[in-house]
Amino acid sequence: MLGIPRSSRYIAHATLILGILIVAFPIYYTFVASTHSLQTILRPPLPLLPGKEFFANYYQALFGGIGQIGGVNVWTLLLNSTIVALGIAVGKIVISILSAYAIVFFRFPGRMVFFWLIFITLMLPVEVRILPTYKVMVDLNLIDTYTGLIVPLIASATATLLFRQFFLTIPGELVEAARVDGAGPWRFFKDILLPLSATNIAALFVILFIYGWTQYLWPLLVTNRNDMNTIVIGLRKMISFADADTQWHLVMVTCILAIVPPVLVVVFMQRWFVRGLVETEK
């Protein structure tokens, strides 16, 4: 901070605080609404301080049945979203790191052809694959199952490309040293590549978990039962076109609960996430 005028530091801090307030106020207002009764929300203006219905609203949402989603509670929706997000994140990382490992460290005919076929899929929007993928899920009886929600989304050309680019930076001397030491392909992958890739895996996990958590179109197509809905789909079903038919206090509770798991993942993995994005030397 040497050489920077004090007035400039004040302006920078004031701008930062203003930005935080602009971003955080809608979330705070949603939380306030989640602690008031439906009558208070429907009778504006909404107070700026939390109300007395916090425990009642959150208990009703988590453990009581919500009529708009067939009597399913938010806890079930949270569990579904967590399973789907974890399955997508872990599945994408496992498939991508193994694919990149095979492309970089093994020599076989058509190796680069396969890589470019994977890379080309980046140019195909999800909507192009929706109908054939849905047909496959129907034929395999995977509608309203976790397998149907997760498996079509676990391939990732982006993650494969990122792992490949990282593996290309690993010195050939390290590979030769491992071979001289008697390390086979599996031992080299498990004992050397995985530890070196830890920060990359952590950064990708955060991104892919949020990607899986916020999925809307695919879960909307492959889930017909309310108890298999993710929290994003359940939240949409809870909102009716008529305000009087919408339990807004429970909607606000669901909104708050929906952002808690992604925030916790980012907070607890922040150090690894930042290192995975900025670290260049291994």
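Residues numbered from 1 in each chain as written. Predicted model: local features only at pLDDT ≥ 70, side-chain atom pairs only at ≥ 80, totals over all residues. Heavy atoms only, no water.

Caption draft 1: Here's a closer look at the layout of surface pockets. Put simply, the largest pocket is a space of about 640 Å³. Looking at side-chain class alone, the lining of the largest pocket contains 17 nonpolar, six polar and two charged residues. (1 Å grid on protein atoms, 1.4 Å probe; cavity = no way out; pocket = protein on both sides within 12 Å on 5 of 7 lines; lining within 4 Å. Points joined across faces, edges and corners; volume = space filled by probe spheres on them. Nonpolar A, V, L, I, M, F, W, Y, C, P; charged D, E, K, R; others polar.)

Caption draft 2: The arrangement of the environment of G91 in detail. Looking at where G91 falls in the secondary structure, it is placed in helix 4 (residues 74-105). Take G91: its relative accessible area is 14%, and that puts it in the buried class. The residues contacting G91, other than those within four sequence positions of it, are L86 and I154. (Helix = DSSP H or I, 4+ residues; strand = E, 2+ residues; numbered from the N terminus. Buried < 20%, exposed > 50% of the residue type's maximum accessible area, 1.4 Å probe, protein only. Contact = heavy atoms within 4.5 Å.)

Caption draft 3: Inspection of the side chain of S96 at higher detail. With respect to the helices and strands, the residue S96 is situated in helix 4. If we ignore the near neighbours within four places in the chain, the residues touching S96 are S156, A159, T160 and F163.

Caption draft 4: The arrangement of unusual backbone geometry in detail. Put simply, P44 and P45 share a cis peptide bond, and its omega is 0 degrees. Look at N141: it is not a glycine, yet its phi comes out positive at around 60 degrees. Examined against the element boundaries, N141 turns out to sit in the loop between helix 6 (126-139) and helix 7 (146-150). Given a relative accessible area of 65%, N141 falls into the exposed group.

Caption draft 5: A look at the pattern of salt bridges. For the coordinates displayed, the defined rule picks out six salt bridges. With its nearest N and O atoms 3.0 Å apart, the salt bridge here joins R225 to D227. R225 sits in the partly exposed class, given a relative accessible area of 41%. Among the charged side chains, a salt-bridge network with shared partners connects D181, R187, K190 and D191. (Salt bridge = Lys/Arg side-chain N within 4 Å of Asp/Glu carboxyl O.)

Caption draft 6: How the structure looks around the packing of aromatic side chains. In the structure shown here, the tally under the stated rule is 16 aromatic pairs. Arranged with centres 5.8 Å apart and planes meeting at 55 degrees, the rings of F105 and F167 form a pair that is tilted. One end of the pair, F105, is in helix 4; the other, F167, is in helix 8 (residues 157-167), and 62 residues separate them in sequence. What makes F167 buried here is its relative accessible area of 1%. By the ring-pair criterion, three or more aromatic residues cluster together here, those being Y101, F105, F106, F163, F166, F167, W186, F188 and F189. (Phe/Tyr/Trp six-rings, centres within 6.5 Å; stacked < 30°, edge-to-face > 60°.)

Caption draft 7: Representation of the packing of helix 4 against helix 5 (residues 111-120) within the structure. Taken N-terminus to C-terminus, the directions of helix 4 and helix 5 make an angle of 145 degrees; their axes are 9 Å apart at the nearest point. Crossing angle aside, the handedness with which helix 4 passes helix 5 is left-handed. Here helix 4 contributes A102, I103 and V104 to the contact with helix 5, which in turn contributes R111, F115 and I118. Residue composition of the contact of helix 4 with helix 5, by class: five nonpolar, no polar and one charged. (Axes fitted to C-alpha atoms, helices over the stretch in contact; angles between N-to-C directions. Left-handed = near helix turned anticlockwise from the far one by under 90°.)

Caption draft 8: Structural detail: the packing of helix 8 against helix 11 (residues 198-213). Orientation of helix 8 relative to helix 11, taken along the N-to-C sense of each, is 165 degrees, at an axis distance of 11 Å. Classified by the angle between their axes, helix 8 and helix 11 sit roughly antiparallel to one another. Between helix 8 and helix 11 the crossing geometry is right-handed. Mapping the contact onto sequence places A159, L162, F163 and F166 in helix 8 and N200, I201 and L204 in helix 11. Of the residues belonging to the contact of helix 8 with helix 11, the class tally is six nonpolar, one polar and no charged. (Parallel < 35°, antiparallel > 145°, perpendicular 65-115°, else oblique.)

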